[in-house]
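Given next are the chains, with one letter for each unit.
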Amino acid sequence: MTPSPTMLLLRLYPRVWRERYGDELADLIDSTGLTPRVAFDVARAAANERASTARLALAGGGAMVIGPAYRHPNAWALAALAILAPTLAFVCLSILAYQLGATGLVPLMEPINAWLNSVRFADIVLVASPPLALLLAAAPLLKLDLRRGERSASAVIDLRLLALNVLVGLLAIVVSVVLVGHILAESVPQVGR
Amino acid sequence: MTDSQQPTDPALLLMISLAAGPKHGHAMLLDVERFAGVRLGPGTLYGALSRLEQGGQVEPLPNEGRRRPYRLTESGRLALEQRLGNLQRAVSTGIARVGA
């Protein structure tokens, strides 16, 4: 079942807070309507609750786990892959067409290159998607556990390696490196001209 | 009157609203808008409400479907009287000083 936008917003809150007030807040959002202003207000309030929980944990009032993507690693990896896919396809097709001599693909690439040159910010989106995909794929691998006992405070970083997330992350790095290398190779002769 | 001229402390507004009797979130939101001209966002409202509950100034009543009414506790009523008294003194002093 696809979570509603309201449910996604409620996930921004600390779990304990959400379990206590989540249903009531969801009902209120349903009553007022979920406008951008309401979404911003709820997101800001959720950030405040997160900050309060963190302050409480560090002051000895409890524990706090920061790992918003920890519970659904596959979904985050697939979202990263979806964001990476257009750039990945472009890079693969470019290499095949222009580096490996698959000339049959050149007619396919020409309209794509023309479109990229004509649409503002399309190239920026193309370059920005691999780092964004890397962040999304890597987010579920980290969890921060803040605790404070009677005598000491601790912050434990929990790092795990999940095959799908690591694979997508590495793919994003490779695509990013190839793309940046390509851009630099293209720009150097132009600078020298 | 612009927003910056309105009393906008959400906790104070909620306590004033609940002083008239128990209400659930949406009823509080409408009431505050009516008497103060301030439209609280749902996140702001529940942020203030949760802190008031943790402070023992309001308490929840049994659910009515998905909605849960809240009421002012005795200590909440005392805290509200004290805050309104302080505000009234500040307002009276301010009015006297500007010669209104």
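Going by the structure above, here's the rest.
Attention in this report is confined to the structure presented alongside it. (Residues numbered from 1 in each chain as written. Chains lettered and ligands numbered in written order. Predicted model: local features only at pLDDT ≥ 70, side-chain atom pairs only at ≥ 80, totals over all residues. Heavy atoms only, no water.)

### As for the overall build of chain B
When its secondary structure is counted, chain B shows four helices and two strands. N-terminal to C-terminal, the α/β element order of chain B is α-α-α-β-β-α. Residues counted as buried form 42% of the 100 residues belonging to chain B. Total accessible area on chain B stands at roughly 5600 Å², and carbon and sulfur atoms take up 53% of it. (Helix = DSSP H or I, 4+ residues; strand = E, 2+ residues; numbered from the N terminus. Buried < 20%, exposed > 50% of the residue type's maximum accessible area, 1.4 Å probe, protein only. Areas by Shrake-Rupley, 256 points an atom, 1.4 Å probe, with all protein chains shown as cover.)

### So, a nonpolar patch on the surface
All names here are of chain A. Where nonpolar side chains cluster on the molecular surface, the patch consists of Ile-95, Leu-96, Leu-100, Val-174 and Val-178 and spans about 400 Å² of accessible area. Mapping Leu-96 onto the fold places it in helix H4 (residues 73-99). Of the residues examined, Leu-96 reaches a relative accessible area of 37% and is grouped as partly exposed. (Patch = residues over 30% accessible without salt bridge, like charges linked within 9 Å, V, L, I, M, F, W, Y side chains within 5 Å. Salt bridge = Lys/Arg side-chain N within 4 Å of Asp/Glu carboxyl O.)

### Observations concerning the side chain of Thr-6 of chain A
Position of Thr-6 of chain A among the secondary structure elements: in helix H1 (residues 5-10). When neighbours within four sequence positions are excluded, Thr-6 of chain A is seen to be in contact with Ala-26, Ile-29, Asp-30 and Leu-34 of chain A. (Contact = heavy atoms within 4.5 Å.)

### Observations concerning the interface of chain A and chain B
Taken together, the contact pairs 21 residues of chain A with 19 residues of chain B. Of the roughly 1700 Å² buried at the junction of chain A and chain B (both faces included), carbon and sulfur atoms supply 49%. Broken down residue by residue, the surface that chain A buries against chain B is led by Tyr-21, Glu-24 and Leu-28 of chain A, which jointly contribute 32%. Taken together, chain A and chain B are joined by four salt bridges. Between Asp-27 of chain A and Arg-67 of chain B there is a salt bridge; the shortest N-O distance is 2.8 Å. Viewed at the interface, chain B and chain A are joined by twelve residue pairs in polar contact (both at pLDDT 80 or more). Elements supplying a minimum of two residues to the side of chain A that touches chain B: helix H2 (15-32) and helix H3 (36-58) of chain A. It is H2 of chain A that provides the largest number of residues to the side of chain A that touches chain B, a total of 13 residues. Per-class residue counts for the side of chain A that touches chain B are ten nonpolar, three polar and eight charged. (Buried area = accessible area lost by both parts, 1.4 Å probe. Polar contact = N/O pair within 3.5 Å; in protein donor to acceptor, adjacent residues only side chain to side chain. Nonpolar A, V, L, I, M, F, W, Y, C, P; charged D, E, K, R; others polar.)

### A word on the nonpolar core
Taken as a class, soluble globular proteins show a tendency for nonpolar side chains to be buried jointly. Counting 35 residues, the largest nonpolar core has Tyr-13 of chain A together with Leu-14, Leu-45, Tyr-46, Leu-49 and Tyr-70 of chain B as its most contacted members. Of all elements in the fold, only H1, H2 and H3 of chain A together with helix H1 (10-18), helix H2 (25-36), helix H3 (42-54), strand E2 (70-72) and helix H4 (74-98) of chain B reach the threshold of two or more residues within this core. Ignoring anything within four residues of it in the chain, the contact list for Tyr-13 of chain A reads Arg-18, Leu-25, Val-42, Ala-45, Ala-46, Glu-49 and Arg-50 of chain A together with Gly-43 of chain B. Among the nonpolar cores identified, the runner-up in size contains 18 residues, and Val-106, Leu-126, Ala-133 and Leu-179 of chain A belong to it. (Core = buried A, V, L, I, M, F, W, Y, C linked by side-chain atoms within 4.5 Å.)

### Looking at H4 of chain B
All names here are of chain B. Helix length check: H4 (25 residues) gives 36 Å between terminal C-alpha atoms against 36 Å at 1.5 Å per residue, within 8%. Among all positions of H4, only Gly-76, Ala-79, Leu-80 and Gly-85 are buried. Its buried side turned inward, H4 meets H1 and E2. Of the residues one or two after H4, Gly-99 is the one with positive phi, at around 75°. (Expected span 1.5 Å × (residues − 1).)

### Side note on the side chain of Arg-160 of chain A
Residues and elements named next belong to chain A. Along the chain, Arg-160 falls in the loop between strand E3 (153-159) and helix H7 (163-192). A distance of 3.0 Å separates the side chain of Arg-160 from the backbone oxygen of Pro-140, its partner in a polar contact. With sequence-adjacent residues up to four places away left out, Arg-160 is seen in contact with Tyr-70, Pro-73, Pro-140 and Leu-141.

### Notes on the environment of Pro-5 of chain A
Considering the arrangement of structural elements, one finds Pro-5 of chain A in helix H1. For the pair Pro-5 of chain A and Ala-39 of chain A, spaced 34 residues apart in sequence, the C-alpha to C-alpha distance is 9.0 Å.

### What about the packing of H4 of chain A against helix H6 (residues 122-138) of chain A?
Residues and elements named next belong to chain A. Direction vectors running N to C along H4 and H6 enclose 155°, while the axes themselves pass 8 Å from each other. One finds that H4 runs roughly antiparallel with respect to H6. Crossing handedness for the pair H4 and H6: left-handed. Counted together, Trp-76, Ala-79, Ala-80, Ile-83, Leu-84, Thr-87 and Phe-90 of H4 and Leu-126, Ser-129, Pro-130, Leu-132, Ala-133, Leu-136 and Ala-137 of H6 form the full contact between these two elements. Residues of the contact of H4 with H6, tallied by class, amount to twelve nonpolar, two polar and no charged. (Axes fitted to C-alpha atoms, helices over the stretch in contact; angles between N-to-C directions. Parallel < 35°, antiparallel > 145°, perpendicular 65-115°, else oblique. Left-handed = near helix turned anticlockwise from the far one by under 90°.)

### Some points on the pattern of salt bridges
Following the criterion strictly, the structure yields twelve salt bridges over all chains and no others. Ionic pairing is found between Glu-24 of chain A and Arg-68 of chain B, a salt bridge with its closest N-O pair at 3.0 Å. Separated into two different chains, Glu-24 of chain A in helix H2 and Arg-68 of chain B in the loop between strand E1 (58-60) and E2 make up a pair that spans both. The salt bridge involving Glu-59 of chain B is made with Arg-71 of chain B; its shortest N-O contact spans 2.7 Å. Of the two residues, Glu-59 of chain B sits in strand E1 while Arg-71 of chain B sits in strand E2, which places them twelve residues apart along the sequence.

Interpretation in functional terms is not warranted from these geometric data alone.
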